[in-house]
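Analysis of the macromolecular model
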Amino acid sequence: MKTHSIAFIGIMIAVLIILGFIPPITIGIIPVPIAVQSMGVLLAGLLLGKRNGTIAVLLLLLLVAVGLPVLAGGRGGFALFYSPTAGYIIAYPIAAFLIGWWSGKLGEKPTFLRLFAVTVIAGVLVIDSFGAIGLHFVTGMPLKAAFLSNLVFIPGDLLKAILSVIILQRLPKNLRYKLRA
C-alpha cells in the first residue's frame with residue numbers, strides 16, 4: 001500500500017470521528033438516532049474508492065469494537081454490534097465498498113445525477129435496509145414496521161448524499177485521482 005493511500009485512509013478515519021462528535025438527534029418512534037456520521041461513510045466510498053474507503057470504515061469499526069467512543073453520541077464498545085443500531089453499523093463498510101466500486105465504473109466525468117444515484121442506491125438504501133433488518137432482529141420489531149420507521153431518515157440521508165457528491169465534485173480533478181489511487 002502506498003504512503004499517500006495510508007495517509008488518506010487516516011484522514012478519512014479522522015473525518016469519520018469528527019462527524020461522530022456532532023450530537024445525534026434522538027427520535028421517539030425508533031431507538032436509533034439521526035446521525036451525521038453516516039455521511040462520512042458515503043464520502044469514504046466516493047472519495048477513496050472501494051478498497052481504501054472500505055478499509056477506512058473497517059478501521060473505524062475496529063476502534064468502536066475495542067471500546068473507543070468514536071460513534072455518534074460518544075458511543076463505543078463491542079456491545080453496539082448487538083444493539084438496535086447494529087444493522088446500520090454493519091452496513092457501513094458494505095456501503096463504502098459498493099459506492100466506491102460503482103462510482104469507479106462511471107468513468108472520468110460522471111454527472112452529479114449519476115453520482116447522486118449511486119450514493120443513494122449503494123449507500124443510503126443499503127445502510128437503511130441493513131439497519132431495518134438489524135432493528136427487526138435486535139428489538140423484535142416487525143420487519144415491515146422497521147422498514148417503515150426508517151422513512152424518517154430518508155430526507156436527511158438524501159441531504160447527506162447531495163452534500164457528499166458536492167464535496168467530491170468541488171475537489172480538484174488531480175486530487176480526486178490521487179485519493180482513489
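Structural notes, computed from the coordinates. (Residues numbered from 1 in each chain as written. Predicted model: local features only at pLDDT ≥ 70, side-chain atom pairs only at ≥ 80, totals over all residues. Heavy atoms only, no water.)

**With respect to the overall build of the protein**
Per the secondary structure count, the protein includes seven helices and zero strands. For 181 residues, the compact-globule estimate of 2.2 N^0.38 gives 16 Å, and the protein sits close to it at 16 Å. Its C-alpha atoms put the protein at 45 × 35 × 25 Å along the principal axes. Here the protein holds 181 residues, and 46% of them are scored as buried. Of all intrachain contacts in the protein linking residues separated by at least 6 positions in sequence, the fraction that spans at least 24 positions is 70%. (Helix = DSSP H or I, 4+ residues; strand = E, 2+ residues; numbered from the N terminus. Rg over C-alpha atoms; globule rule 2.2 N^0.38 Å. Buried < 20%, exposed > 50% of the residue type's maximum accessible area, 1.4 Å probe, protein only. Contact = heavy atoms within 4.5 Å.)

**Description of the pattern of salt bridges**
Per the counting criterion, the structure on display carries one salt bridge. A salt bridge links Asp157 to Lys160; the shortest N-O distance between them is 3.3 Å. Placement of the pair is Asp157 and Lys160 together in helix α6 (residues 154-170), with a separation of three residues, close to one helical turn. The two residues Asp157 and Lys160 agree in class, both being buried. (Salt bridge = Lys/Arg side-chain N within 4 Å of Asp/Glu carboxyl O.)

**With respect to the layout of surface pockets**
Each pocket or cavity is described by its volume, and for the largest pocket that value is around 220 Å³. Gly107, Glu108, Pro110, Arg176 and Arg180 are the residues nearest the centre of the largest pocket, which is lined by 13 residues in total. Mapped by element, the contributors of at least two residues to the lining of the largest pocket are α3 (86-104), α6 and α7 (173-180). Per-element tally for the lining of the largest pocket: the top contributor is α7, with four residues. Here the lining of the largest pocket is built from residues that sort into five nonpolar, four polar and four charged. (1 Å grid on protein atoms, 1.4 Å probe; cavity = no way out; pocket = protein on both sides within 12 Å on 5 of 7 lines; lining within 4 Å. Points joined across faces, edges and corners; volume = space filled by probe spheres on them. Nonpolar A, V, L, I, M, F, W, Y, C, P; charged D, E, K, R; others polar.)

**Topic: the packing of helix α2 (residues 37-65) against helix α4 (residues 112-139)**
It is at 10 Å that the axes of α2 and α4 come closest, and there the two elements cross at 135°. Taken together, the axes of α2 and α4 lie oblique to each other. As α2 packs across α4, the resulting crossing turns out to be right-handed. Facing α2, whose interface residues are Val41, Leu42 and Leu46, α4 presents Leu115, Thr119, Gly123, Val124 and Ile127. By residue class, the composition of the contact of α2 with α4 is six nonpolar, two polar and no charged. (Axes fitted to C-alpha atoms, helices over the stretch in contact; angles between N-to-C directions. Parallel < 35°, antiparallel > 145°, perpendicular 65-115°, else oblique. Left-handed = near helix turned anticlockwise from the far one by under 90°.)

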